[in-house]
Amino acid sequence: MKPRHACPSQARLHRLRRHLLGWALAGACSQLQASTAQPELHFLTTEYPPYSSIKLEGGGAMEWVLRAALEPRGYVVHIRSVPWARVSREIAQGRADGVMLLWPRDVKELGLLPTRPVFVSHLGFFVRREQWRAQGMNWQALKGQTVGIVRGYAYPDQLRETGAALEESISDWTNLKKLAAKRFDFVALERATGEHQLAQEGGGELARSIVWQSPALVSIPLTFGLVPGRPGAEALLTELELALQQLRGQPAFESMLKRFHVEAVANGPPARPPKPKPR
């Protein structure tokens, strides 16, 4: 039989062992939770319906694609809408992993890693119905005509090459109203965006009096861009490329195109990242 005075020491030893075991288990659980936590991604966008808009269910076509591509792969995707003029500053402050709704010129100017193109953006002109021509327009005939544009937008060079007199305004919607009031001869605007605004906000006479005039001046691919230097950016680009490719042809993808009235770009090879600018 063991001496009585040994019992308290053994009890303290057992308690210490339980505490140590508890601490070890808590530490292991914390490490396991950290290792299994869903990675979070922060993307910037701007208001440009039907591709991106806080007013649209699901955030618009581009947001639908991004979430459909990444969320099934375990990512938590945060999308924040900011004025376009703030995008470069947000990137410089390290507050974004990527940007969506980009033309190739935007990708180059922001120095991003582009994905394969997702949609085709048809940039051209809206006219008053009485101006519309069934045979289409020769856009070289725009020389001297007044065309409404939006201040701060990066329009392609083809627009200025028409010789039109470009007048800036604060928004596409303002330009459409000015066109109806005969203050502009034409409005330069992306087709899906203009038709969406007329259908959703135009209502009545304005929607009936303003129409798209074919052909498009230029058709430009829309894509996503990832911020180089962010943790895992190169791996994310590869994973996003694969996910975008797998979305093609799926019933949900085709349904999305019809719902937002947008056009998918023809499937092709992945986009090549722009060459770094010389320092």
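Located above this text is the structure these notes cover.
Residues numbered from 1 in each chain as written. Predicted model: local features only at pLDDT ≥ 70, side-chain atom pairs only at ≥ 80, totals over all residues. Heavy atoms only, no water.

1. A few points about the pattern of salt bridges
Okay, step 1: Going through the model one piece at a time under the given rule, you end up with 13 salt bridges.
Okay, step 2: Two residues, Glu71 and Arg67, come together in a salt bridge whose shortest N-O distance is 2.7 Å.
Okay, step 3: By relative accessible area, which is 36% here, Glu71 ends up partly exposed.
Okay, step 4: One salt bridge connects Glu90 with Arg95, and the closest N-O pair in it is separated by 3.5 Å. (Salt bridge = Lys/Arg side-chain N within 4 Å of Asp/Glu carboxyl O. Buried < 20%, exposed > 50% of the residue type's maximum accessible area, 1.4 Å probe, protein only.)

2. As for the packing of aromatic side chains
Okay, step 1: Counted according to the given criterion, the structure contains eight aromatic pairs.
Okay, step 2: Between the aromatic rings of Tyr51 and Phe119, the centroid separation amounts to 5.8 Å while the plane-to-plane angle is 55°, which identifies the pairing as tilted. Of the two residues, Tyr51 is situated in the loop between strand S1 (40–45) and helix H2 (61–70) and Phe119 in strand S5 (residues 119–128); the sequence distance between them amounts to 68 residues.
Okay, step 3: Looking at Tyr51, the relative accessible area reads 1%, which means it is buried. (Phe/Tyr/Trp six-rings, centres within 6.5 Å; stacked < 30°, edge-to-face > 60°. Helix = DSSP H or I, 4+ residues; strand = E, 2+ residues; numbered from the N terminus.)

3. Observations regarding unusual backbone geometry
Okay, step 1: Between Pro49 and Pro50 the backbone carries a cis peptide bond, its omega angle lying at 5°.
Okay, step 2: Inspection of the secondary structure puts Pro50 in the loop between S1 and H2.
Okay, step 3: The linkage connecting Ser214 with the following residue, Pro215, adopts the cis geometry, with an omega of -5°.
Okay, step 4: One non-glycine residue, Lys182, lies in positive phi territory at about 65°.
Okay, step 5: Mapped onto the fold, Lys182 is located in the loop between helix H6 (172–180) and strand S8 (186–190).
Okay, step 6: On the basis of relative accessible area, Lys182 is assigned to the exposed category, the value being 60%.
Okay, step 7: With a phi close to 55°, His261 is a non-glycine residue in the positive phi region.
Okay, step 8: Counting through the fold element by element, His261 comes out in the segment after helix H10 (251–260).

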